[in-house]
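# Descriptive structure summary
Below, each chain spelled out in residue letters.
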Amino acid sequence: MSVFAENFLWGGAVAANQCEGAWNEAGKGISDSDVCTGGSHSRSKRITRTIEPDTFYPSHEAIDFYHHYKEDIALFAEMGFKVFRFSIAWTRIFPTGTEEEPNEAGLEFYDRVIEECLNHGIEPLVTISHYEMPFALTEKYNGWTSRECIGLFVKYAQTLFKRYKGKVKYWLTFNEINAGAMPMGGFLSLGILNEGTTDFTNQVDIPQLRFQGLHHQFVASALAVKAGHEIDPECQIGCMICHITTYPLTCNPDDILEAQKRNQILNQFCGDVQVRGEYPSFMSRYFKENGITVEMEPGDLEIIKEGCVDYYTFSYYMSNCATASPEQATSSGNLMGGAKNPYLESSDWGWQIDPKGLRYTLNELYGRYRIPLMVVENGLGAYDKKEEDGSIKDDYRIDYLKKHIEQMKEAVEDGVDLMGYTPWGCIDLVSASTGEMAKRYGFIYVEKYDDGTGDLSRKKKKSFDWYKKVIETNGEKLD
Ligand code: BG6
């Protein structure tokens, strides 16, 4: 007997800007990700502001899911997916964000994707905004720093809720909303492009603007939750947090307090607002000490209170350590690094691999929020090498996922209410942080390379059959 519920949602996750391509087809507008060049672990992506004629932009073709969705969803179905997490590109629906009427051709594409999922018995899990917004809103308003974005987002979300009522049950408002609490999230998550920013990893950061933008996203998310429930009382709408699990580097009380502070600001702040419907008390001191004043309109806090999410989802790739001694060696992370943990190994991109940290995190989160949880991203970004016969034996990926699933089992036995698991990049796609194709996560290999070449053909990796077995046995068979 499996410890996972019979209806446990096994599946995989992707995001529009990292897989669809077709960046200017069928009326789609330019999104923030469309002005980002490729980069690497050691070389930042550039944000070019205009499309430079001879520059390679990874999102423009990506893996061309736009034209391969049928084939890709059939492969997901073959693995036995119960759920497929994908995002809708705002710019396919409202190309500049300010149109009165949605772009019908954009909606029709997602009609087809959703229909294809349902025909295969796969539940769609839709992220309304995953690390992109119309670039026109960045230009016009400096992204979410403007309150105008609230109404524009809510109009977009309402359009989706109405169109997919009865078809899409599971929704997430903003991907990794807490990215806005970190400097790299300025452009990535809030569409803020301050004067002087050219490099993605070294943005001109104005915390005041970021936290103001985040407040606007909280209000927008809460209004979307309310609207979604009114339009379709059956639907469930969740938050999505990039969980930066942080341990104290030592038992020195200074390290303990440092870890607690990071955990509060980076993880709990946004989760508390979206689950409990209120700003947590520890933020007042943080705002005061950092000279931040979040402007709120009368009614904002009531809206936030009334728009609490139904379930909590998060991404989990690694853990980090916090220390009060700045001279400690550091480790990398997707949005934020930390101090190096001597007990853990790291991926090729320096992300520390910590399966037990997932059990710890699930327990912490369930203890805090007491609502269903879902791991909507987890996985190993790695260089995949083809064998002579062309096969890809990604045992390292199997090992990573297996160990994390084992720890999810432990967490369920600990009493955590876990709804599902959608490993990231179930098919190879463009990396969000570096723009690389070489950083692969998939069960399915895509012939696409960092110089833009590749015939886009799909090939099953060894992990494909492994994951199929995992799903078939509801997580019982992991070897
Ligand atoms: C999460 C994002 O932060 O991590 C994804 O939600 C992203 O969009 C994923 O792709 C993995 O990060 P990266 O940088 O390896 O693509």
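Up top you'll find the structure we're talking about.
The paragraphs below set out a description of the structure included in this document. (Residues numbered from 1 in each chain as written. Predicted model: local features only at pLDDT ≥ 70, side-chain atom pairs only at ≥ 80, totals over all residues. Heavy atoms only, no water.)

### Overview of the site of the ligand
We count it as follows: Residue proximity to a molecule or strand is established when one non-hydrogen atom of the residue lies within 4 Å of it. Whenever two N or O atoms come within 3.5 Å, that pair is a polar contact, provided that in protein one can donate a hydrogen and the other can accept it, and provided that, for residues adjacent in sequence, both atoms are side-chain atoms. We get accessible surface area from the Shrake-Rupley algorithm with a probe of 1.4 Å; when it comes to residues, only the shown protein chains can shield them. The classification used treats Ala, Val, Leu, Ile, Met, Phe, Trp, Tyr, Cys and Pro as nonpolar, Asp, Glu, Lys and Arg as charged, and all other residues, Gly among them, as polar.
Neighbouring the ligand are 15 residues; Gln18, Glu176, Ala432, Ser433 and Tyr441 lie closest to it. Ser433 places a side-chain nitrogen or oxygen 2.5 Å from an oxygen atom of the ligand. Here the ligand has 380 Å² of accessible area as a free molecule, and 99% of this is covered by the chains. Its residues assigned to classes, the shell around the ligand comprises 6 nonpolar, 6 polar and 3 charged.

### Looking at helix α9 (residues 207-231)
Under the convention used in this document: The way it works is that DSSP assigns letters per residue, a run of H or I at least four long becomes a helix, a run of E at least two long becomes a strand, and they are numbered from the N terminus. Each helix should span, by expectation, one fewer than its residue count multiplied by 1.5 Å. Burial classification: accessible surface area is computed with a 1.4 Å probe over protein chains only, and a residue below 20% of its type maximum counts as buried, one above 50% as exposed, and the rest as partly exposed.
The end-to-end C-alpha distance of α9, which contains 25 residues, comes to 35 Å, matching closely the 36 Å that a straight helix rising 1.5 Å per residue would cover. Burial analysis of α9 places 18 of its 25 residues in the buried class, the great majority of the element.

### Here we look at the pattern of salt bridges
In plain terms, the rule: By definition here, a salt bridge exists when the distance from a side-chain nitrogen of Lys or Arg to a carboxyl oxygen of Asp or Glu is within 4 Å.
Per the stated rule, a full pass over the model turns up 32 salt bridges. In this structure, Glu289 engages Arg285 in a salt bridge whose closest nitrogen and oxygen atoms are separated by 2.6 Å. With Glu289 and Arg285 both in helix α11 (residues 282-289) and 4 residues apart, the pair spans about one turn of that helix. Each member of the pair, Glu289 as well as Arg285, carries the same accessibility label: exposed. The residue Lys469 makes a salt bridge to Glu472 at a minimum N-O spacing of 3.6 Å. Of this pair, Lys469 and Glu472 are both found in helix α15 (residues 462-472), 3 residues apart, which corresponds to roughly one turn of the helix.

### Remarks on the packing of aromatic side chains
Selection rule: Pairing of aromatic rings covers Phe, Tyr and Trp, the last counted by its six-membered ring, and requires centre-to-centre distances within 6.5 Å; plane angles under 30 degrees mean stacked, over 60 mean edge-to-face, and any other angle means tilted. We call a charge positioned over a ring when the NZ of a Lys or the CZ of an Arg lies within 6 Å of the ring centre and within 35 degrees of the ring normal.
Evaluation of the coordinates by the stated rule reveals 39 aromatic pairs. Judged by centre distance (6.1 Å) and plane angle (55°), the rings of Phe65 and Phe84 are tilted. Of this pair, Phe65 sits in helix α3 (residues 65-79) while Phe84 is found in strand β2 (residues 83-87), placing the two residues 19 residues apart along the sequence. Of the residues examined, Phe65 reaches a relative accessible area of 3% and is grouped as buried. Through a chain of ring-to-ring contacts, three or more aromatic side chains come together here, namely Phe4, Phe8, Trp10, Phe65, Phe76, Phe81, Phe84, Phe86, Tyr421, Phe443, Trp466 and Tyr467. Lying over the aromatic face of Phe109, Arg92 brings its terminal NZ or CZ to 5.6 Å of the ring centre. Note that Lys439 overlies the ring of Trp351, its terminal NZ or CZ placed 3.7 Å from the centroid.

### Structural notes on the sheet that holds strand β1 (residues 9-13)
Keep this limit in mind: Note on pairing: DSSP must find at least two bridges between two strands before they are called paired. All axes are obtained by fitting lines to C-alpha atoms, using only the stretch in contact for helices, and the reported angles, taken between N-to-C directions, cover 0 to 180 degrees.
The parallel closed barrel is built from 8 strands, whose spatial order is β1-β2-β3-β4-β5-β7-β13-β14. Adjacent strand axes in the sheet meet at a mean angle of 30°, parallel and antiparallel pairs treated alike. Both β2 and strand β3 (residues 123-129) contribute to a ladder of 5 bridges, which runs parallel. Bridging from a neighbouring strand, Ser87 pairs with Thr127 of β3.

### Description of the environment of Asp428
Mapping Asp428 onto the fold places it in the loop between β14 (418-421) and β15 (444-446). By relative accessible area, Asp428 is classed as buried at 0%. For the pair formed by Asp428 and Phe282, sequence separation is 146 residues and the distance between their alpha carbons is 39 Å. Side chain to side chain, Asp428 and Arg440 meet in a polar contact 2.7 Å long. Within the structure, the side chain of Asp428 is placed 2.8 Å from the side chain of Lys461, a separation counted as a polar contact.

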